[in-house]
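The primary structure of each chain is shown beneath.
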Amino acid sequence: MADTQERRVARLAKQINGFAEKHGGAEGQVAYIGERGARIVLVGEDGGWGDLVAPTYAIAQQAVEKAGITVHEDFDGEFAAKVTTGPYEWTRMAGIQVGGPGKQ
């Protein structure tokens, strides 16, 4: 079982590092999402963002530590302000209802 956990941590850390390389660096935040595990939210230095889901909070924590990124306690303040959103995000996040693209 430890080998499986180590592989998951390594795979997530590799994905985090890949994101960081693509976006000029990255910072993250880990959030517990119940039985599904934990969500790792990543924000790149260029404002790009993404997320990964780990099967447990412990695996998510180990993955961000292994990747060596800065981890924030909360997704707010200066960290959240780094996120760049565009038409795609407005549409995907119910933008039509709150004045995004397509609002007539």
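Before any of the text, the structure's been laid out above.
**Q** How would you explain the overall build of the protein chain if you had to name every residue and give the values?
**A** Looking only at helices and strands, one finds five helices and four strands in the protein chain. The order of helices and strands in the protein chain, counted from the N terminus, is α-β-β-β-α-β-α-α-α. Counting over 104 residues, the protein chain shows a buried share of 35%. Within the protein chain, contacts between residues separated by at least 24 positions form 52% of all contacts whose residues are at least 6 apart in sequence. Accessible surface, the protein chain: about 6,800 Å² in total, of which carbon and sulfur atoms supply 50%.

**Q** Any details on the environment of R7? Residues and values, ideally.
**A** Turning to its location among the elements, R7 is positioned in helix α1 (residues 2–22). In this structure R7 comes out as exposed when scored by relative accessible area, which is 52%.

**Q** Before we move on, could you go through the pairing of strand β1 (residues 26–32) and cite the residues and values that matter?
**A** Taking burial as the measure, the seven residues of β1 include five buried ones, the bulk of the element. Examined bridge by bridge, β1 and strand β2 (residues 38–44) share seven bridges and lie antiparallel to one another. Across the sheet, the residue bridging to Q29 is V41, located in β2. Strand direction decides the pairing type here: β1 and strand β4 (residues 70–72), joined by three bridges, are parallel.

The rules behind each value
- Within every chain, residues take consecutive numbers counted from 1 along the sequence as written.
- With pLDDT at 70 or above as the cut-off, local features in this predicted model cover only qualifying residues; side-chain atom pairs require 80 or more to be listed or tallied, and sums for whole chains, interfaces and linings still use all residues.
- Remark: hydrogens and water are excluded; side-chain values derive from all non-hydrogen atoms of the structure.
- In DSSP terms, a helix is any run of H or I states spanning at least four residues, a strand is any run of E spanning at least two, and both are numbered starting from the N terminus.
- Residue burial is assigned from relative accessible area. The probe radius is 1.4 Å, only protein chains are included, and a residue is buried under 20% of its type maximum, exposed over 50%, and partly exposed in between.
- Contacts are assigned to residue pairs that have any heavy atoms within 4.5 Å of one another.
- The Shrake-Rupley method, run with a 1.4 Å probe, gives the accessible areas here. Residue values count only the displayed protein chains as cover.
- We call two strands paired when DSSP finds no fewer than two bridges between them.

By themselves these figures say nothing about function.
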